[in-house]
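# Breakdown of the fold
Take a look at the letters that make up each chain.
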Amino acid sequence: MSDHELRVSKIRNGTVIDHVSGGHALNVLSILGIDGSEGLGVSVVMNVPSDRLGLKDVVKVEDRELSQSEVDVISLIAPEATINIIRDFEVVQKNRVDRPESVIGLLSCPNRNCITNDGEPVETKFAVVEDGVRCAYCGTIIRDSLAGHIDPE
Ligand SMILES: [Zn+2]
């Protein structure tokens, strides 16, 4: 099975997120805030063989193109991912994700005493560090389950 071959049918318009580390497809959907209730066509393929990753997941979302901030957070859990934007069945853009230096306004801080949890109009900001992300205000580091800290706002 070639790494380039996708096992699900082509989509007309939308985004294909390929080379997601095996088992992380559902975290990618949670980053995108997609739970199926939006009525978007979503295809998920999990744990298929990949030359590069061993096992990979592929996520296809119809009629939705990703914002840069969404791509940034995806890069934290799927650093090898490729983002393909599809229009009229053609790949019009193919991007590798880039680890951002910081993530603003997307994750919530697990520290209840953090100023970002204090009802103040302060946007969360995390610096991306070697083993996770670090809150710019209180220094709390999130290492695992980043997807669980995604701020639904
Ligand atoms: Zn904090």
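Residues numbered from 1 in each chain as written. Predicted model: local features only at pLDDT ≥ 70, side-chain atom pairs only at ≥ 80, totals over all residues. Heavy atoms only, no water.

The name given to the protein chain in an unreviewed UniProt entry is Aspartate carbamoyltransferase regulatory chain, with the source organism recorded as Halohasta litchfieldiae. A UniProt comment under Function (unreviewed entry) is attached to the protein chain, and it reads "Involved in allosteric regulation of aspartate carbamoyltransferase." You can read under Subunit (unreviewed entry) in the UniProt record for the protein chain the words "Contains catalytic and regulatory chains." (UniProt positions renumbered as here; feature names shortened; annotations may be inferred.)

On to the coordination of the zinc ion. In the first shell of the zinc ion, the protein supplies Cys109 (SG), Cys114 (SG), Cys135 (SG) and Cys138 (SG), at 2.3 Å from the metal. Between the four donor atoms coordinating the zinc ion, the angles at the centre fall across 101 to 115°, so the site counts as tetrahedral. Within one chain, the residues donating to the zinc ion are spaced in sequence as C-x4-C-x20-C-x2-C. For cysteine 114, a relative accessible area of 2% corresponds to the buried category. (Donors = N, O, S within 2.8 Å, 3.2 Å for Na, K, Ca; no water. Tetrahedral: all angles 85-135°; square planar, octahedral: opposite > 155°, others 65-115°. Buried < 20%, exposed > 50% of the residue type's maximum accessible area, 1.4 Å probe, protein only.)

Once that is clear, we can look at the domain arrangement of the protein chain. Assigned domains within the protein chain: domain 1 (14-96) and domain 2 (102-149). Taking the mean C-alpha position of each, domain 1 and domain 2 sit 24 Å from one another. On the side of domain 2, six residues touch domain 1, which itself brings six residues to the contact. Across the domain 1 to domain 2 interface the summed buried area is about 550 Å²; carbon plus sulfur atoms make up 85%. In terms of surface lost to domain 2, no three residues of domain 1 exceed Val73, Leu76 and Ile77, which account for 64% of the buried area on that side. For the pair domain 1 and domain 2, the number of links is zero salt bridges. Sorting the residues of the side of domain 1 that touches domain 2 by element identifies helix H1 (25-31) and helix H2 (68-77) as the ones contributing at least two each. Sorting elements by how many residues they give to the side of domain 1 that touches domain 2 places H2 first, with four residues. Residue composition of the side of domain 1 that touches domain 2, by class: three nonpolar, three polar and no charged. (Domains from an automatic or database assignment. Contact = heavy atoms within 4.5 Å. Buried area = accessible area lost by both parts, 1.4 Å probe. Salt bridge = Lys/Arg side-chain N within 4 Å of Asp/Glu carboxyl O. Helix = DSSP H or I, 4+ residues; strand = E, 2+ residues; numbered from the N terminus. Nonpolar A, V, L, I, M, F, W, Y, C, P; charged D, E, K, R; others polar.)

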